[in-house]
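Structure assessment
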Amino acid sequence: MPVTYFEDNPEIFAALVAAIAILGGLLGSIIGAKIQANGGRDQAAAAREAARIAAEAQHVAALWSARQVQTAEFIQKVNEIRLLSGLWYTQDADDTGLETAIRDAWQANGRKRTEVILIAPAGVVTAVRGVVEALDNLLRLDKRLGSMTYVFERVSLLLLSEDQEVSSKAHEVLGDMALLRNAAPGRMTSSSFSPARPEGELDAIRARILSVVQELPGMSQRHAYTASRSEGVRDLQSEKSQAENELDAREAVLIEAAREMLRSEDRVVPAPVPVQRRWWRRAA
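Residues numbered from 1 in each chain as written. Predicted model: local features only at pLDDT ≥ 70, side-chain atom pairs only at ≥ 80, totals over all residues. Heavy atoms only, no water.

1. With respect to the packing of helix α4 (residues 98-119) against helix α5 (residues 122-157)
Our working definition: Between the N-to-C directions of two axes lies an angle of 0 to 180 degrees, each axis being a line fitted to C-alpha atoms and, for a helix, fitted only over the stretch in contact. A run of DSSP states H or I qualifies as a helix once it reaches four residues; a run of E qualifies as a strand once it reaches two. Both are numbered from the N-terminal end. Under this scheme an angle from 65 to 115 degrees is roughly perpendicular, one under 35 degrees roughly parallel, and one over 145 degrees roughly antiparallel; angles in between are oblique. Pairs of residues are marked as contacts when any of their non-hydrogen atoms sit within 4.5 Å. The classification used treats Ala, Val, Leu, Ile, Met, Phe, Trp, Tyr, Cys and Pro as nonpolar, Asp, Glu, Lys and Arg as charged, and all other residues, Gly among them, as polar.
The interhelical angle for the contact between α4 and α5, taken along N-to-C directions, is 170°, at an axis separation of 11 Å. The angle between α4 and α5 falls in the class roughly antiparallel. On the side of α4, the interface is formed by E99, I102, W106, R113, V116 and I117, while α5 contributes V124, V125, V128, R129, V132, L135, D136, L139 and K143. When the residues that make up the contact of α4 with α5 are grouped by side-chain class, the tally is ten nonpolar, no polar and five charged.

Here it is, written out as structure tokens:
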């Protein structure tokens, strides 16, 4: 088509220009709408990803916090029970309700132990069970050895009584208790040259203790029974020492497992905040 055609027909040229302008506008609108739509989808996807990351971070933070709190409280309660158990050596269980206090503390620790087991990894759970086993063994030894020690010390104080009869009976009881403490059925006495006392003789000693202790001021039937079961104290003292060492070792294992679980050795670095780009920058 010759160029002079549009010069000879200006109305057609004007119409063509108008049509091109309209088509260009429509095309620009379509492209702009598509860009906006793509940008909207990108923004929605970015928002969903940010929400997912935030939710996961919150879950991890909540789990970490729960593990830290529950494990720390479990260890604290173990130490509280251990301190209570040590009172067997200095307190009268009948007067102070010590046995009830220890039982209540043990039950509370059991609930805390269950919470730790539900949220902690296997290594921590195994360590927790080891601590509970060692603690139970120590409690058993403290109750028996502590009660014996308390009664022995209480009778010893009666040696200072101004009542000669009381002082004499206390001396008699302490002598019999010493025989039991240093000898047990089928074992050697404290002297390597003396054979173990026969069971019949030990029964006679126990019977004397049961009878005399109840006649002493401030002593109960329970005290008398405890005093009459004083044999094997030396062995119990050795077992208690071993039990304390075992509990210390297992608690150290638990603390190490807990520190690994909580990543205590890691450097704490703030998590980067995801940057959401504008849709027009994505489109570029």
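2. Let's talk about the nonpolar core
Operational definition: What we call a nonpolar core is a set of buried Ala, Val, Leu, Ile, Met, Phe, Trp, Tyr and Cys residues that are connected through their side-chain atoms within 4.5 Å. The cut-offs for exposure are 20% and 50% of the maximum accessible area for each residue type, with area from a 1.4 Å probe on protein chains only; residues under the lower value are buried, those over the upper are exposed, and the others partly exposed.
F74, V124, V128 and L254 are the most contacted members of the largest nonpolar core, which has 34 residues in total. Elements with a contribution of two residues or more to this core: α2 (10-85), α4, α5 and α9 (233-262). With 13 residues, the top contributor of residues to this core is α5. Membership of the second largest hydrophobic core comes to 20 residues, among which are V173, L202, V213 and A227.

3. Points about empty space enclosed by the protein
Definition in use: We place a 1 Å grid over just the protein atoms. Points where a 1.4 Å probe fits but has no way out form a cavity, open points with protein on both sides within 12 Å along at least 5 of 7 lines form a pocket, and any residue with an atom within 4 Å of a point lines it. Grid points are joined across faces, edges and corners, and a volume is the space filled by probe spheres set on the points.
Inspection of the entire model under this criterion finds one cavity of 30 Å³ or more. By volume, the largest cavity amounts to about 80 Å³. Along the walls of the largest cavity sit W88, Q91, D92, A93, D94, S147, Y150, V151, R222, H223 and T226, which together make up its complete lining. In the lining of the largest cavity, the residues fall into four nonpolar, four polar and three charged.

4. Brief notes about the layout of surface pockets
As a volume, the second largest pocket reaches approximately 200 Å³. Lining of the second largest pocket is provided by W88, R140, K143, R144, S147, M148, R222, Y225, T226 and R229. Those elements that provide at least two residues to the lining of the second largest pocket are α5 and α8 (221-227). No other element matches the five residues that α5 contributes to the lining of the second largest pocket.

5. Notes on the packing of α5 against α9
Heads up, the condition is: Handedness of a crossing is defined here by the sense of rotation of the near helix relative to the far one, left-handed for an anticlockwise turn of less than a right angle and right-handed for a clockwise turn.
In contact at an axis separation of 8 Å, α5 and α9 are set at 155° when each is read in the N-to-C sense. Taken as axis vectors, α5 and α9 run roughly antiparallel relative to one another. Our pair here, α5 against α9, has a crossing hand that is left-handed.

6. A word on the pattern of salt bridges
For clarity, the threshold we go by: The rule for a salt bridge is simple: a side-chain nitrogen of Lys or Arg has to be within 4 Å of a carboxyl oxygen of Asp or Glu.
All chains considered together, the criterion is met by 15 salt bridges. With a closest N to O distance of 2.5 Å, E73 and K112 form a salt bridge. Of this pair, E73 sits in helix α2 while K112 sits in helix α4; the two residues are 39 residues apart in sequence, bridging distant segments of the chain. E99 serves as the salt-bridge partner of R222, at 3.5 Å between the closest nitrogen and oxygen. With R222 in helix α8 and E99 in helix α4, this pair connects stretches of sequence that are 123 residues apart. The exposure class assigned to E99 is partly exposed, which follows from its relative accessible area of 31%. Taken together, the shared-partner salt bridges connect E73, K112 and E115 into one network.

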